Amino acid sequence: VEVKIEVVIPEKERSKEEMSPNGKASPMIYKVNGTARHYHLEEHPIASNHYHNPKDMVEASVCHVKDLENGQMREVDLGCGKALLIKESGEFHAVGHKCPHYGAPLVKGVLSKGRVRCPWHGACFNIGTGDIEDFPGLDSLPRFQVKIEKEKVYIRASKQALQTQRRTKMMAKCISLSNYNLSSTNVLIIGAGAAGLICAETLRQEGFSDRIVMCTMDRHLPYDRPKLRKWLFLQSMDSHPEQIALRPKEFFCTYDIEVLTEMQVAAVDIKSKIAVFKDGFNMEYNKLLIATGNTPKALSCKGKEMENVFNIRTPEDANRVVKLATSKNVVIVGASFLGMEVAAYLAERAHSVSLVELEEVPFKKFFGERVGRAVMKMFESNRVKFYMQTEVSELREQEGKLKEVVLKSGKVLRADVCVVGVGAVPATGFLKQSGINIDSKGFIVVNKMMQTNIPGVFAAGDAVTFPLALRNNKKVNVPHWQMAHMHGRIAALNMLARGTEISTVPYLWTAMFGKSIRYAGHGEGFDDVVIQGDLDELKFVAFYTKSDEVVAVASLNYDPIVSKVAEVLAAGRTIRKRDVEPHLFLSSFRTGDMSWLTGKGS
């Protein structure tokens, strides 16, 4: 006998359930009815489903059962919103139709073995649950009920879910200890970027209900750092950091994730399990995550400390650069991702944009010479002037402000603003005497579970090297947004002793002049590039090979090819150089039959 019970919580009580245990917007003190209480997870269960008001529900017939073949997806309209209908292995599933990250249409993505991959940035979602399985992004997809009646497919969904197109997984809340000690925490996370935030959220999602403290040198709560340059510097000069916050302030209060801003850790005592802050404050921890990211390199020339010389690191930096550069002369040093994206944005706003780079071609080591030249040509057609194979020898000032940039070639450039993008170094100097294993370049060395050589100490994000399964477990550094998310999740799971190893395909993107280059894999050390399409028309796919094996792919205006390749590589299969020859690739792409992308070999 199966008994089903439906519990309806009144609105007032429901709002109380969604608040932190103390019912207040402060994560520092946890009290119920004025008395400190220790909640155990079994006492404070996590709800498996959101409560839905029947008036909020809508049901609609969306198609005939024979309208979709196995492996097909369709965007369907329920009247008050859309859903993504999927048929796989004879079963229908319905989830949100937009990627919660930046809103990409998932119907244009890649369906493979129970999950759909975003065509823009590679995030993956389970089609049965809607849960996010690979990143970037924080939220999962809403899942909708599907039923079949008289060979018609019906979807029943919440109107609210259809409108928001995202779902935050239910999370535990903190258990308050009596005799609460502000200088002690169970989990301390140094760094409040993507890796740190995902670690904290994953711990809560998995039922962890003890204290979590994040600390950051930044003055803001965790924010979407790529948007500093990828999304037009916050869209306008008057924008505020809250517009790119990864989570609102209320989120951290609700789930009792403490964030200490403008707090710098000066040292870590691994024997005593104490983090020593620059201001003298000490905090004990049980588990530690180091996710400090990197520090931008500075110029080494005369005048480097001058006013109007910037590294784009914070929202304030971005807004100030836009304000000062408008209708002025801008010099950008370094054809890095940051340098090129800043140049692309300022090209239409500044009087002139000059870019100085030591290499012969932008992105040569990453995208290869031919792709780099095509990108360079696009910039030149948009009024960006390149000064290649040279460096800055001096920055000159007039009345205390930047006036000229002098190159080693002898060229003198007029400059009102200088943006420096010459790379970065891992922010790990405070760990040199800690006993934590640091390599010769300053990166923290971790294993597949994001563990350092010290028990209970984990590291994640731009500051680490880790074994990449895609490249036969070679220790690599992958300083990209998506990878930081995955690092944070794996670290959290292994803090909980889950024994989970990292298994993901690096995925990144760069946006310039309204065009996005997408990239998947790890092409370091590639020895050949097989290019399909037309570089001059900026519609191409580039396959990066090493010893006859495709190790990475980049594309422009060829979606969703990069996501397709990422799925093959994620399955552990190998794509050979012969598999991407022009006669096979171009004809199959035109017809839409990409079945050749099954991968050969192991």
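From a predicted model like this one, the values you see are computed outputs, not experimental measurements.

Some remarks on the overall build of the chain
Turning to step 1, where the next piece is worked out: What the chain contains, in helices and strands, is 12 helices and 36 strands.
Turning to step 2, where the next piece is worked out: Residue burial in the chain is summarised as follows: out of 602 residues, 53% are buried.
Turning to step 3, where the next piece is worked out: Contacts in the chain between residues far apart in sequence, at least 24 positions, make up 62% of those at least 6 positions apart.
Turning to step 4, where the next piece is worked out: Of the roughly 27,700 Å² of accessible surface on the chain, 47% is carried by carbon and sulfur atoms.

Let's talk about helix α11 (residues 561–570)
Turning to step 1, where the next piece is worked out: For α11, the tally of buried residues reaches eight of 10 residues, placing the bulk of the element in the interior.
Turning to step 2, where the next piece is worked out: Those residues of α11 lying buried are Ile561, Val562, Ser563, Val565, Ala566, Glu567, Val568 and Leu569.

Focus on a positive patch on the surface
Turning to step 1, where the next piece is worked out: On the surface, a cluster of positive charge is made up of Lys328, Lys401, Lys403 and Arg414.
Turning to step 2, where the next piece is worked out: Among the secondary structure elements, Arg414 is positioned in strand β25 (residues 412–414).

Side note on the nonpolar core
Turning to step 1, where the next piece is worked out: Of all hydrophobic cores here, the largest spans 98 residues; its most connected members are Leu188, Leu289, Ile290 and Phe466.
Turning to step 2, where the next piece is worked out: Per-element accounting of this core gives the leading share, eight residues, to helix α10 (residues 481–495).
Turning to step 3, where the next piece is worked out: Those residues in contact with Leu188 that sit more than four places away from it in its chain are Val213, Cys215, Ala275, Met283, Tyr285, Lys287, Leu288 and Leu289.
Turning to step 4, where the next piece is worked out: Val321, Met340, Ala374 and Ala552 belong to the second-largest nonpolar core, a separate cluster that totals 52 residues.

Some thoughts on the pairing of strand β34 (residues 528–534)
Turning to step 1, where the next piece is worked out: The pairing of β34 with strand β35 (residues 539–546) spans seven bridges and is antiparallel. Bridging from a neighbouring strand, Asp528 pairs with Thr545 of β35.
Turning to step 2, where the next piece is worked out: In sequence, β34 turns back onto β35 through a hairpin of four residues, with Leu538 there showing a positive phi of about 55°.

A closer look at the pattern of salt bridges
Turning to step 1, where the next piece is worked out: A complete count under the given rule lists 27 salt bridges for this structure.
Turning to step 2, where the next piece is worked out: When the shortest N-O distance is used, the salt bridge between Glu316 and Arg219 registers 4.0 Å. Highlighted residues: Glu316 in helix α6 (residues 315–325) and Arg219 in the loop between β12 (212–215) and α4 (227–230), separated in sequence by 97 residues.
Turning to step 3, where the next piece is worked out: The exposure class of Arg219 is exposed, given its relative accessible area of 54%.
Turning to step 4, where the next piece is worked out: One salt bridge in this structure joins Glu391 and Lys408, with 3.5 Å as the shortest N-O distance. Residue Glu391 is found in the loop between β22 (384–388) and β23 (392–398), and its partner Lys408 is found in the loop between β24 (401–407) and β25; the two are separated by 17 residues along the sequence.
Turning to step 5, where the next piece is worked out: Looking at Glu391, the relative accessible area reads 36%, which means it is partly exposed.
Turning to step 6, where the next piece is worked out: Connected through shared salt-bridge partners, Glu59, Lys147, Glu149 and Arg156 make up one network.

Structural notes on the environment of Met171
Turning to step 1, where the next piece is worked out: As for its position among the elements, Met171 is in the loop between α2 (159–164) and β11 (187–190).
Turning to step 2, where the next piece is worked out: Sequence separation between Met171 and Glu206 is 35 residues; the distance between their C-alpha atoms is 7.2 Å.

Section: the sheet that holds β11
Turning to step 1, where the next piece is worked out: With parallel pairing, five strands are arranged side by side in an open sheet as β13-β12-β11-β17-β29. The open sheet terminates on both sides in strands that have one partner only, identified here as β13 (257–260) and β29 (457–459). Sheet twist, expressed as the average angle between the axes of neighbouring strands with direction ignored, equals 20°.
Turning to step 2, where the next piece is worked out: Here helix α3 (residues 194–205) sits on the sheet and contacts β11, β12, β13 and β17 (287–290); the angle it forms with β12, its principal contact strand, is near 170°.
Turning to step 3, where the next piece is worked out: Along the sheet face, α10 touches β11, β17 and β29 and points at about 170° away from the line of β17.

Some words on the side chain of His220
Turning to step 1, where the next piece is worked out: Its location among the elements puts His220 in the loop between β12 and α4.
Turning to step 2, where the next piece is worked out: According to the relative accessible area criterion, His220 is buried, its value standing at 13%.
Turning to step 3, where the next piece is worked out: A distance of 2.7 Å separates polar atoms of two side chains, one belonging to His220 and the other to Glu316.
Turning to step 4, where the next piece is worked out: Not counting residues up to four positions away in its chain, the partners in contact with His220 are Pro241, Thr261, Pro315 and Glu316.

How each quantity is defined
Residues numbered from 1 in each chain as written. Predicted model: local features only at pLDDT ≥ 70, side-chain atom pairs only at ≥ 80, totals over all residues. Heavy atoms only, no water. Helix = DSSP H or I, 4+ residues; strand = E, 2+ residues; numbered from the N terminus. Buried < 20%, exposed > 50% of the residue type's maximum accessible area, 1.4 Å probe, protein only. Contact = heavy atoms within 4.5 Å. Areas by Shrake-Rupley, 256 points an atom, 1.4 Å probe, with all protein chains shown as cover. Patch = residues over 30% accessible without salt bridge, like charges linked within 9 Å, V, L, I, M, F, W, Y side chains within 5 Å. Salt bridge = Lys/Arg side-chain N within 4 Å of Asp/Glu carboxyl O. Lys, Arg positive; Asp, Glu negative; His and termini not counted. Charge placed at Lys NZ, Arg CZ, Asp CG, Glu CD. Core = buried A, V, L, I, M, F, W, Y, C linked by side-chain atoms within 4.5 Å. Pairing = 2+ DSSP bridges. Axes fitted to C-alpha atoms, helices over the stretch in contact; angles between N-to-C directions. Polar contact = N/O pair within 3.5 Å; in protein donor to acceptor, adjacent residues only side chain to side chain.

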